[in-house]
Amino acid sequence: MRNKPRYGLAPTTTMKHFLPWVARALAVAALSLCLFSEWLVGRSMGFTGSLLREVQAVFRDAETQWMVMACLVVYFLTFLLLDRAGFRKIRCMPKMTLVALVLFALLAYVRCYHTAVGPLSALTLMGGIVIGQAFAFWIGQEPRNGTGPTPAVFIAFTLVLLLAAASVWHPNDNYAAYAYLGKQRWTGPWTNPNTFGVLMGVGFVMAAGLLICFWRQPNRTWKAWLAMCLSFCAMAPLGFGLARSYSRGAWVSTLAGLAFLLYARHSIGAGTDPSPLAGTRFANCSEISSPPPEERDRERREPLYHNTSQEQPNVPRTLTPAIQQQNSLPFTSRPQLYAWAILFISLFTLLVLNFRGSENVILRRVASIGNPNDFSWRNRVASWEGALQMMADKPMLGHGWGRAEAMYDSFYKPAKLDTGAAIQMNDYLILGASLGIPALAAFVLLLLLLITGTLTEIAASDGSQMLRYTFAAAALALAIAFWFDGGLFKLSTGVVFWILLIPMLHNPSRRAHG
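Parameters and conventions
Residues numbered from 1 in each chain as written. Predicted model: local features only at pLDDT ≥ 70, side-chain atom pairs only at ≥ 80, totals over all residues. Heavy atoms only, no water. Helix = DSSP H or I, 4+ residues; strand = E, 2+ residues; numbered from the N terminus. Buried < 20%, exposed > 50% of the residue type's maximum accessible area, 1.4 Å probe, protein only. Contact = heavy atoms within 4.5 Å. Areas by Shrake-Rupley, 256 points an atom, 1.4 Å probe, with all protein chains shown as cover. Phe/Tyr/Trp six-rings, centres within 6.5 Å; stacked < 30°, edge-to-face > 60°. Lys NZ or Arg CZ within 6 Å of the ring centre and 35° of its normal. Core = buried A, V, L, I, M, F, W, Y, C linked by side-chain atoms within 4.5 Å. Axes fitted to C-alpha atoms, helices over the stretch in contact; angles between N-to-C directions. Parallel < 35°, antiparallel > 145°, perpendicular 65-115°, else oblique. Left-handed = near helix turned anticlockwise from the far one by under 90°. Patch = residues over 30% accessible without salt bridge, like charges linked within 9 Å, V, L, I, M, F, W, Y side chains within 5 Å. Salt bridge = Lys/Arg side-chain N within 4 Å of Asp/Glu carboxyl O. pLDDT = per-residue confidence, 0-100. Nonpolar A, V, L, I, M, F, W, Y, C, P; charged D, E, K, R; others polar. Expected span 1.5 Å × (residues − 1). Polar contact = N/O pair within 3.5 Å; in protein donor to acceptor, adjacent residues only side chain to side chain.

## Section: the overall build of the protein chain
- Regarding its fold elements, the protein chain presents 21 helices and two strands.
- Buried residues in the protein chain amount to 48% of all 514 residues.
- Partitioning the intrachain contacts of the protein chain with sequence separation of at least 6 by distance along the chain shows that 76% fall at a separation of at least 24.
- In the structure as shown, the protein chain presents an accessible area of about 24600 Å², 67% of it carried by carbon and sulfur atoms.

Written out as structure tokens, the structure is:
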């Protein structure tokens, strides 16, 4: 029986082919505006720059900002209700923690509206969540035709290509102000080398994940080879830009994201067959393009897995040794992974102990972690102590939006620090000091639930979810970077974080559970 139109009106053939490309164009525009907002507002001239500065002035106006926030709240609730499973999915724990975080943010926004208007932190947080919901809604929709890549693949490649272009684009003439041992730290189109390094690391992790995704395909088409070439070529400028940022926090977060990818690749690499019909549209990267309508109709009728065994219909069929060898990566067995981990820790310890005076700037930057006279990490630790004292004084509701920095600088900053700017480098403590410990607990619990849930899915995965794990690895890299370098309350990094994280709220195995 032919499915009825979802919204009552059957779209024409032209609209079926036109609307997906409109959605892709809007996605590219949204990602570009968010990623390069700092340069567009501060450096762009002409009509675009004037328009963006006028929009920013409207957002900072106390008489109009509350209306913008009200619209964002309406969008947030609308996307919750537009979920396919309706109200039933709101009861899942990750969504409850997200709703709790939004409630705490709105409570602090209403309670301290006069101080929340200026910094735009509350507006950026809420806007990032809503944009992430919009991308997750787009990813979760069934493609209406077989043209073009799936939404998740398109978002991943758009993000990688935009960041690869930004790695060789340095429009700021003041990036020479950031230097380490006489070497210029690249900032790209942003105003801080740490932001540049974090985004380069996210792009590198995404490119590596896409390369693994398409490498795993048993029968690679020319599109898969093209995707692998683009991913591999993008990793070169992204990795070089990451190195030239000299951002230790970005390096650590990138290593964590790559370790997550390797763990996911190893855990799903042996024992199951990556069927192109398994999983959801978000997780399916076995095809770079959306399947034709007749294949999607067959997918709705057939079970999640194809198995010839009648006693255990829900168990994925095992791979033959030849296919396992084809899909596996070298040096990724469990004992070898343990050996590589021990070797890495040993080499890193030797690096820190023996290369403090090295002439190589990168090695010396890495070894500076163990330098007791390094002012960078000492100032951060001192600011963390002050932030913890602020959280202890007002644990439930916090000091309010826009007040944490001023309160720290006036009452909690140690005398040995000249400025209180170091507290802005840790978004977790800023969140706890501004909104209270319950809001911080909701945010951390959201991360833990999604990461641990993803690790559990990896253990039982058939391999069709690798793109989903790529999103999770990039989100994990950003979450770790927020502890060292901040970025949750910036459009360039905060919006990207929610775009990668919120699609993880959708359970990929809901069909398997009926």
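After that view, the rundown keeps rolling.
## Comments concerning the packing of aromatic side chains
- The final tally for this structure, using the stated rule, is 17 aromatic pairs.
- Measuring from centroid to centroid gives 5.6 Å for F36 and W169, while their planes differ by 75°, and the two rings are edge-to-face. Of this pair, F36 sits in the loop between α1 (13–35) and α2 (37–42) while W169 sits in the loop between α8 (151–167) and β1 (179–180), and the two are 133 residues apart along the sequence.
- Ring centres of F497 and W498 lie 5.1 Å apart, and the angle between their planes is 70°; on these two criteria the pair is classed as edge-to-face.
- By relative accessible area, which is 0% here, W498 ends up buried.
- Aromatic ring contacts, followed pair by pair, group W384, Y428, F443, F482, W483, F497 and W498 into a single cluster.
- It is R24 that lies over the ring of W21; its NZ or CZ is 4.2 Å from the centre.

## Considerations on the nonpolar core
- Judged by nonpolar contacts, the single largest core of 125 residues is most densely connected at W401, F497, W498 and L500.
- Counting residues per element, this core draws most heavily on helix α9 (residues 193–215), which supplies 14 residues.
- Not counting residues within four places of it along the chain, the set of residues in contact with W498 comprises L98, L101, L125, G128, I129, G132, F443, L446, L488 and P503.

## Section: the packing of α9 against helix α11 (residues 248–267)
- Contact geometry for α9 and α11: axes closest at 8 Å, N-to-C directions at 15°. In terms of their interaxial angle, α9 and α11 are classed as roughly parallel. Where α9 crosses over α11, the two elements pack in a sense that is right-handed. Only A250, T254, G257, L258, L261 and R265 of α11 make contact with α9, whose side of the interface consists of G197, V198, G201, F204, V205, A208, G209 and I212.

## Focus on a nonpolar patch on the surface
- A cluster of nonpolar side chains, L255, F344, I345, F348 and I369, forms an exposed patch at the surface whose accessible area comes to about 460 Å².
- With three residues, helix α14 (residues 334–354) is the single largest residue contributor to the nonpolar patch.

## Details of the confidence of the model for the protein chain
- For the protein chain, mean pLDDT is 77; residues scoring 70 or higher make up 71% of the total.
- Confidence, read as mean pLDDT per element, is least for helix α13 (residues 321–327) in the protein chain (44) and greatest for helix α21 (residues 491–501) (94).
- Between residues 295–332, whose pLDDT stays under 50, and residues either more than four places distant or in other chains, the model counts 63 contacts.
- Confidence drops under pLDDT 50 across residues 509–514; counting only partners more than four residues distant or on other chains, this segment forms 10 contacts.

## A closer look at the packing of helix α7 (residues 121–140) against α21
- Put simply, α7 and α21 touch, their axes get as near as 7 Å, and they point 40° apart. Looking at the two axes, α7 sits oblique to α21. Handedness of the crossing formed by α7 with α21: right-handed. From α7, T124, L125, G128, I129, I131, G132 and F135 reach across to α21, where they touch L491, V495, W498 and I499.
- Its residues placed into classes, the contact of α7 with α21 shows eight nonpolar, three polar and no charged.

## So, unusual backbone geometry
- The phi angle at L120 is positive, at roughly 65°, despite the residue not being glycine.
- Mapped onto the elements of the fold, L120 is located in the loop between α6 (113–116) and α7.
- Classification of L120 by relative accessible area gives buried; the value is 11%.
- Residue Y246 is not a glycine yet carries a positive backbone phi of 55°.
- Tracing the sequence through the fold places Y246 in the loop between α10 (222–245) and α11.
- According to the relative accessible area criterion, Y246 is buried, its value standing at 4%.

## Points about the side chain of Q133
- Tracing the backbone shows Q133 in helix α7.
- Residue contacts for Q133: discarding those within four places in its chain leaves Y75, F76, F79, L80 and I502.

## Thoughts on helix α5 (residues 93–111)
- The end-to-end C-alpha separation of α5 is 27 Å, in line with the 27 Å expected for 19 residues at 1.5 Å each.
- Of the positions making up α5, those classed as buried are P94, K95, T97, L98, L101, V102, A105, L106, A108 and Y109.

## Concerning the side chain of T493
- Mapped onto the elements of the fold, T493 is located in helix α21.
- T493 sits in the buried class, given a relative accessible area of 2%.
- A polar side-chain atom of T493 sits 2.5 Å from the main-chain carbonyl oxygen of G487.
- Excluding anything up to four places from it in sequence, T493 contacts T195, L199, L478, F482, G487 and L488.

## Observations concerning the environment of A23
- Looking at the element boundaries, A23 is found in helix α1.
- C-alpha of A23 to C-alpha of F135: the two residues are 112 residues apart in sequence and 9.9 Å apart in space.

## Some points on the pattern of salt bridges
- Counted according to the given criterion, the structure contains two salt bridges.
- R380 is the partner of D485 in a salt bridge, and the nearest nitrogen-oxygen pair spans 3.5 Å. Placement of the pair is D485 in the loop between α20 (466–484) and α21 and R380 in helix α16 (residues 375–393), with a sequence separation of 105 residues.
- The class of D485 is buried, set by a relative accessible area of 5%.
- For K413, the salt bridge goes to D409, with nearest N and O atoms at 3.6 Å.
- Assessed through its relative accessible area of 24%, K413 is described here as partly exposed.
- The class for D409 is partly exposed, based on a relative accessible area of 39%.

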